[in-house]
Amino acid sequence: MRQLTYEAPATAEQAVAAVTGDPRARYLGGGTNLVDHLKLGVSTPGRLVDVSRLPLDAVEQTGGGLRIGTNVRNSDLAAHPLVRGGWPGVSRALLAGASGQIRNQATTGGNLLQRTRCVYFQDVTTPCNKREPGSGCSALEGYGRYNAVLGASEACVATHPSDLAVALTALDAVVVVLGPDGERRVPMADLHTLPGHHPEVETTLAHGELITAVELPASDLARHSTYVKTRDRASFAFALVSVAAALTLSDDGTIADIALAWGGVAHKPWRAVRAEETLRGARPEESVIARAVDAELQDAAFGPDTEYKRPLLRGATTAALSRLAGGPDRQGTR
């Protein structure tokens, strides 16, 4: 039997001190990801520091924006009237994730830090550079339907699984982090990393740093946001591709401002900057959207197992922008 020590600090500062001083310590929040990894042998910490009882579970307005505590449950956040009114894309993204039971348990911070669902990462009998650096990447020559097509490397082609993270990336959220040297703020787009030669490094957080909150800026763009997820099943399935979008139109029907982020395509939520630049000032027509998607994908690497993601991204991006522009939503709510 593997030995574990467990503790539940009374303050965030105590939690940070406990984990920072022990390289084998891990934070435990809702446990919807970590507990699975403990059972599978993917994660083998020697110490669990439970932060789920810390008083970091409030949703508060801050100067027109929103501050979301790290322990706010996904179900509570999705249903919160401030979120539904000011950041509807966040609510839609949360409701697209997992199941109702898991959303009742999962936390905001834990959702952002969940690890890939690559089948080889979760199978300890197979080589995986993310789980065991230097062992190889089984997905390169194995089952590749879920592989990344953007920003991948020879060391890792895994994709990030969070729906919430994609929406927060599109809406320029900021992650508030507490470490041994105090508090700092990390733009959501900079929280996760691409694999390069070190896919085991998944975020820009140092060991012991604790996410305490997420801050969302208010804007007219955020009020006109949505999330479209394409998956194998109608619920409890991870994205084949997903699109978080926000859109405002000028009086002449052209796009005044736009924000786009994609899920299911990279090691991190992918901000589609080239597509945004292509679409600003244009009309949100299907042919124009397809051209913008193709511009974003000009450096993508598709294989026989992932070529389907190209038309799927065109369709999902068109569905999201059509929904926001008031046109036909051919894909509906997935």
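The structure this text deals with has already been given above.
Overview of the structure. (Residues numbered from 1 in each chain as written. Predicted model: local features only at pLDDT ≥ 70, side-chain atom pairs only at ≥ 80, totals over all residues. Heavy atoms only, no water.)

### Description of the sheet that holds strand 1 (residues 5-7)
As summarised here, the arrangement of the three strands in space is 1-3-2, forming an open sheet in which the pairing is parallel. In this open sheet, the two strands that pair with only one neighbour each are strand 1 and strand 2 (25-28). Averaged over all pairs of adjacent strands, the angle between their axes in this sheet comes to 25 degrees, without regard to strand direction. Bridge analysis of strand 1 against strand 3 (residues 47-50) gives three bridges, and the strand direction is parallel. Paired with Tyr-6 across the bridge in strand 3 is Leu-48. Strands strand 1, strand 2 and strand 3 of the sheet are contacted by helix 1 (residues 12-20), whose axis makes an angle of about 150 degrees with strand 2. (Pairing = 2+ DSSP bridges. Helix = DSSP H or I, 4+ residues; strand = E, 2+ residues; numbered from the N terminus. Axes fitted to C-alpha atoms, helices over the stretch in contact; angles between N-to-C directions. Contact = heavy atoms within 4.5 Å.)

### Regarding the sheet that holds strand 4 (residues 59-62)
Read from one edge to the other, the open sheet built from five strands follows the order 4-5-8-6-7, with strand pairing classed as antiparallel. A strand with exactly one partner marks an edge of an open sheet, and here the two such strands are strand 4 and strand 7 (182-187). Looking at each pair of strands side by side, their axes are set apart by 25 degrees on average, direction ignored. Looking at chain direction, strand 5 (residues 65-69) and strand 8 (residues 210-216) are connected through four bridges and run antiparallel. From the neighbouring strand, Ile-68 faces strand 8, where its bridge partner is Val-214.

### Some remarks on the packing of aromatic side chains
How two aromatic rings sit relative to each other is given by the distance of their centres and the angle of their planes. As enumerated under the stated definition, the model contains one aromatic pair in all. Positioned above the aromatic ring of Tyr-308 is the side chain of Arg-145, whose terminal nitrogen or guanidinium carbon lies 5.4 Å from the ring centre. (Phe/Tyr/Trp six-rings, centres within 6.5 Å; stacked < 30°, edge-to-face > 60°. Lys NZ or Arg CZ within 6 Å of the ring centre and 35° of its normal.)

### Details of helix 1
Among the residues of helix 1, those classed as buried are Ala-12, Ala-15, Val-16, Ala-18 and Val-19. In an axial view of helix 1, the angular spread of the buried residues amounts to 165 degrees, which keeps them on one side of the axis. Helix 1 presents Glu-13 and Ala-17 as exposed residues on the side facing more than 90 degrees away from its buried surface. (Buried < 20%, exposed > 50% of the residue type's maximum accessible area, 1.4 Å probe, protein only. Arc of directions from axis to C-beta.)

### Thoughts on the pattern of salt bridges
Throughout the structure, instances matching the rule amount to 18 salt bridges. With a closest N to O distance of 2.8 Å, Asp-232 and Arg-145 form a salt bridge. Linking Asp-232 in the loop between strand 9 (225-230) and strand 10 (241-249) with Arg-145 in the loop between helix 7 (108-112) and helix 8 (163-170), this pair joins segments that are 87 residues apart in sequence. Judged by relative accessible area, which is 41%, Asp-232 ranks as partly exposed. Its salt-bridge partner being Arg-271, residue Glu-276 comes within 2.6 Å of it at the nearest N-O pair. Here Glu-276 falls in the buried class, since its relative accessible area comes to 4%. (Salt bridge = Lys/Arg side-chain N within 4 Å of Asp/Glu carboxyl O.)

### Comments concerning unusual backbone geometry
Across the chain, the bulk of peptide bonds are trans and the bulk of non-glycine residues have phi less than zero. Backbone geometry places Ala-98, a non-glycine residue, at a positive phi of 55 degrees. Within the fold, Ala-98 resides in the loop between helix 5 (88-95) and helix 6 (100-105). Phi at Phe-236 takes a positive value of approximately 50 degrees, unusual for a residue other than glycine. You can see Phe-236 is positioned in the loop between strand 9 and strand 10.

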